[in-house]
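Structural overview for review
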Amino acid sequence: MRIKTITKKSGHVRNDCADFKHHTMIKSYGNYASEILEGREAQENDKNESQSIDPLVATNHLQTPNTYHTKSKGTNVMLGASNCLRVGKFEDNLINASINGATLEKIDQCLGAAFENHRVKSNGSNVGKVIISLGTNDLSKNKHDSDQVNVYATQAIVKVKQAFPNADIGVCGIIPRKGNSNHIHTVNETATHVNKFLEKLCLKDEVLTYIDVDNIFKKNGNVVKAFYEKTDASGVHITIEGAQTIRVKLREFLHPKMSPIQNTPRPCDTKRKLSDISLTPMSAEKDSKQSKPGSPDDYE
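As a starting point, this report considers the structure included with it. Keep in mind that this is a model prediction, so the values were computed, not measured. (Residues numbered from 1 in each chain as written. Predicted model: local features only at pLDDT ≥ 70, side-chain atom pairs only at ≥ 80, totals over all residues. Heavy atoms only, no water.)

1. What to know about the environment of Val127
Looking at the element boundaries, Val127 is found in strand S3 (residues 127-133). For Val127, a relative accessible area of 1% corresponds to the buried category. Along the sequence, Val127 and Asn166 sit 39 residues apart, while their C-alpha atoms lie 6.8 Å from each other. Those residues in contact with Val127 that sit more than four places away from it in its chain are Thr75, Val77, Val120, Phe164, Asn166 and Ala167. (Helix = DSSP H or I, 4+ residues; strand = E, 2+ residues; numbered from the N terminus. Buried < 20%, exposed > 50% of the residue type's maximum accessible area, 1.4 Å probe, protein only. Contact = heavy atoms within 4.5 Å.)

2. A few points about the packing of helix H5 (residues 108-115) against helix H7 (residues 146-163)
Between H5 and H7, whose axes approach to 11 Å, the crossing angle comes to 20 degrees. Judged by the angle between their axes, H5 and H7 are roughly parallel. Crossing handedness for the pair H5 and H7: right-handed. Residue-level contacts link Asp108, Leu111 and Phe115 of H5 to Lys159, Val160 and Ala163 of H7. Across the contact of H5 with H7, the residue classes break down as four nonpolar, no polar and two charged. (Axes fitted to C-alpha atoms, helices over the stretch in contact; angles between N-to-C directions. Parallel < 35°, antiparallel > 145°, perpendicular 65-115°, else oblique. Left-handed = near helix turned anticlockwise from the far one by under 90°. Nonpolar A, V, L, I, M, F, W, Y, C, P; charged D, E, K, R; others polar.)

3. Some words on the state of the cysteines
In the structure shown here, the tally under the stated rule is zero disulfides. The closest cysteine sulfur to the non-disulfide-bonded Cys110 is located on Cys84, 8.6 Å from its own sulfur. Cys84 provides the cysteine sulfur closest to Cys172, a residue in no disulfide bond, and the two sulfurs are 6.5 Å apart. (Disulfide = S-S within 2.5 Å.)

4. Details of the pattern of salt bridges
What the rule picks out here adds up to six salt bridges. Taking the shortest distance from any N to any O, the salt bridge between Asp212 and Lys249 comes out at 3.2 Å. Residue Asp212 is located in the loop between strand S5 (208-211) and strand S6 (218-219), and its partner Lys249 is located in helix H9 (residues 240-254); the two are separated by 37 residues in the primary sequence. With relative accessibility at 1%, the residue Lys249 sits in the buried group. (Salt bridge = Lys/Arg side-chain N within 4 Å of Asp/Glu carboxyl O.)

Given below as structure tokens:
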């Protein structure tokens, strides 16, 4: 009697397929998948050299007449964490929907706080400008993974666009932390990669503007210690002076000055970035109260 031998064909599990994994990863990145991958490639190619965007291109983007107005109209919203609470409500039509410990990953909490304000319509259509100043707390959990923070940032931007369909959106860079520990150096390095990604992303989207608050907290490669709480071991929390400095940058986004002279970049403009402008706050803006010392943990 002849015994028939059945040979089982070898195959592979779909979940182990490299193409399938790549497709799944791309799908998880959402609408900004190409930008995230481009940011990763740029990070890998430029690990040992500093890369910056042409200031002339940035100047033209920041002063596009079709995107910006001579004054900020309607209701504006700020979404941030504790440092934005220190920045405070510095304009009558600004709703500060910031929350202690807020993150890009869970920006829905800040959006919920914004819609609790009676001045925001249920469909968000009356909001003219939105400021997103988040990411510090996301870095605390992902200090080695700029890709993950980039994903959180793009997902947050999509949610803000959906919540406020008529708004121009200002995306703040993540300010560096004060300190010399290995942990802080790692966090600041990752923050630099994320900020480069956000800056490039904003140049590609006419609704977005990059607000480089991160650069004004550094001078000659070092953080400006006067902008940080002395008693804050985490190196995260800002002082009144730091808050006033941020206000100036935010006002540049809320009230960009438009004139024929400013629309035409001068030769010297190509050597300057928006962060190089003098940011000394007016004496009338100085607060009378001292801010409370920051908590010793890594969160703002």
